[in-house]
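# Commentary on secondary and tertiary structure
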Amino acid sequence: MILIALGANLPGPDGRDALATCRAAAAALDALPGLRLRALSRWYATAPVPPSPGAPDYVNGMARLALRPGAAPPDPAALLAALQEIETRFGRVRPYLHAPRTLDLDLIDLDGVMRDAPDPILPHPRAHLRAFVLAPLADVAPGWVHPRLSATVADLLAQADQAGVRVLG
Ligand SMILES: Nc1nc2c(c(=O)[nH]1)N=C(CO)CN2
């Protein structure tokens, strides 16, 4: 199973709001070569982490993908590059760390692969701490166990600060 977190807190240059950008990005993930979108979480409105007074809330969600039949497992670096290409397509610029962004796609888990370098670090090094990642992850993969920590998503979510995370709609 491949888990990709989606996040946005700025309208795109095409005028799409953050939610519309995330929905369009999910469709773009389904079009990645060799992969197919199997489940999409609910969408969440989440307060920025770290707190950023005045910054707009994020829209966050999670996509679960699987290999298309006969497709070779993706190379982590190639998949990261493909995600960055989608971010760029939706107007992402990178002025500074934690800058508001039109779209952020984070590779959370790639079939349980563990690696420390080079990028992408797997599983994502901060995923287990962030309720805005864990809540939508629990929607699409309720039985997920963190490959390094051997903790369930339910346990990790219970330990995370869930204030500021609410289901949209
Ligand atoms: N709530 C929330 N906060 C963030 C997010 C995000 O997606 N949601 N992404 C960040 C950069 O990766 C920094 N902070």
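Look up: the structure comes first, before these words.
Here goes a summary of the coordinates provided. (Residues numbered from 1 in each chain as written. Predicted model: local features only at pLDDT ≥ 70, side-chain atom pairs only at ≥ 80, totals over all residues. Heavy atoms only, no water.)

For the rest of this paragraph, the subject is the overall build of the protein chain. Along its length, the protein chain carries four helices and six strands. Beginning at the N terminus, the succession of helices and strands in the protein chain can be written as β-α-β-β-β-α-β-α-α-β. A compact globule built from 169 residues would reach a C-alpha radius of gyration of about 15 Å, and the protein chain, at 15 Å, matches this within 12%. Projected onto its principal axes, the C-alpha positions of the protein chain cover 45 × 35 × 30 Å. Out of the 169 residues in the protein chain, the part that is buried amounts to 44%. Sequence-distant contacts in the protein chain: of pairs separated by 6 or more residues, those separated by 24 or more amount to 68%. Of the roughly 8300 Å² that the protein chain leaves accessible, carbon and sulfur atoms contribute 57%. Side chains of the protein chain give 16 positive and 16 negative charges; the mean places of these two sets differ by 3 Å. (Helix = DSSP H or I, 4+ residues; strand = E, 2+ residues; numbered from the N terminus. Rg over C-alpha atoms; globule rule 2.2 N^0.38 Å. Buried < 20%, exposed > 50% of the residue type's maximum accessible area, 1.4 Å probe, protein only. Contact = heavy atoms within 4.5 Å. Areas by Shrake-Rupley, 256 points an atom, 1.4 Å probe, with all protein chains shown as cover. Lys, Arg positive; Asp, Glu negative; His and termini not counted. Charge placed at Lys NZ, Arg CZ, Asp CG, Glu CD.)

Residue Val49 is joined to Pro50 through a cis peptide bond whose omega torsion reads -5°. Looking at the element boundaries, Pro50 is found in the loop between strand 3 (44–46) and strand 4 (58–67). For Asp111, which is not glycine, the phi torsion reads 50° and is therefore positive. Among the secondary structure elements, Asp111 is positioned in the loop between strand 5 (104–110) and helix 3 (131–140). With relative accessibility at 47%, the residue Asp111 sits in the partly exposed group. One non-glycine residue, Ser150, lies in the positive phi region at around 55°.

It is worth spelling out the pattern of salt bridges at this point. For the structure shown, the criterion picks out five salt bridges. Of the charged contacts in the structure, one is a salt bridge between Asp139 and Arg42, with a shortest N-O distance of 3.1 Å. Highlighted residues: Asp139 in helix 3 and Arg42 in the loop between strand 2 (35–40) and strand 3, separated in sequence by 97 residues. For Arg42, a relative accessible area of 44% translates into the label partly exposed. Note that Arg89 and Glu85 form a salt bridge whose closest N and O atoms lie 2.9 Å from each other. Placement of the pair is Arg89 and Glu85 together in helix 2 (residues 76–89), with a separation of four residues, close to one helical turn. Taking the relative accessible area as the measure of exposure, Glu85 reaches 41% and is therefore partly exposed. (Salt bridge = Lys/Arg side-chain N within 4 Å of Asp/Glu carboxyl O.)

On to the site of the ligand. Looking at the ligand, the residues that line it are Thr46, Ala47, Pro48, Val49, Tyr58, Asn60, His98, Arg101, Asp104 and Phe132. Contacts to the ligand include Val49, whose backbone N or O atom sits 2.6 Å from a nitrogen atom. A distance of 2.8 Å separates an oxygen atom of the ligand from a polar side-chain atom of Asn60. (Near = heavy atom within 4 Å. Polar contact = N/O pair within 3.5 Å; in protein donor to acceptor, adjacent residues only side chain to side chain.)

That is the geometry; function is a separate question.
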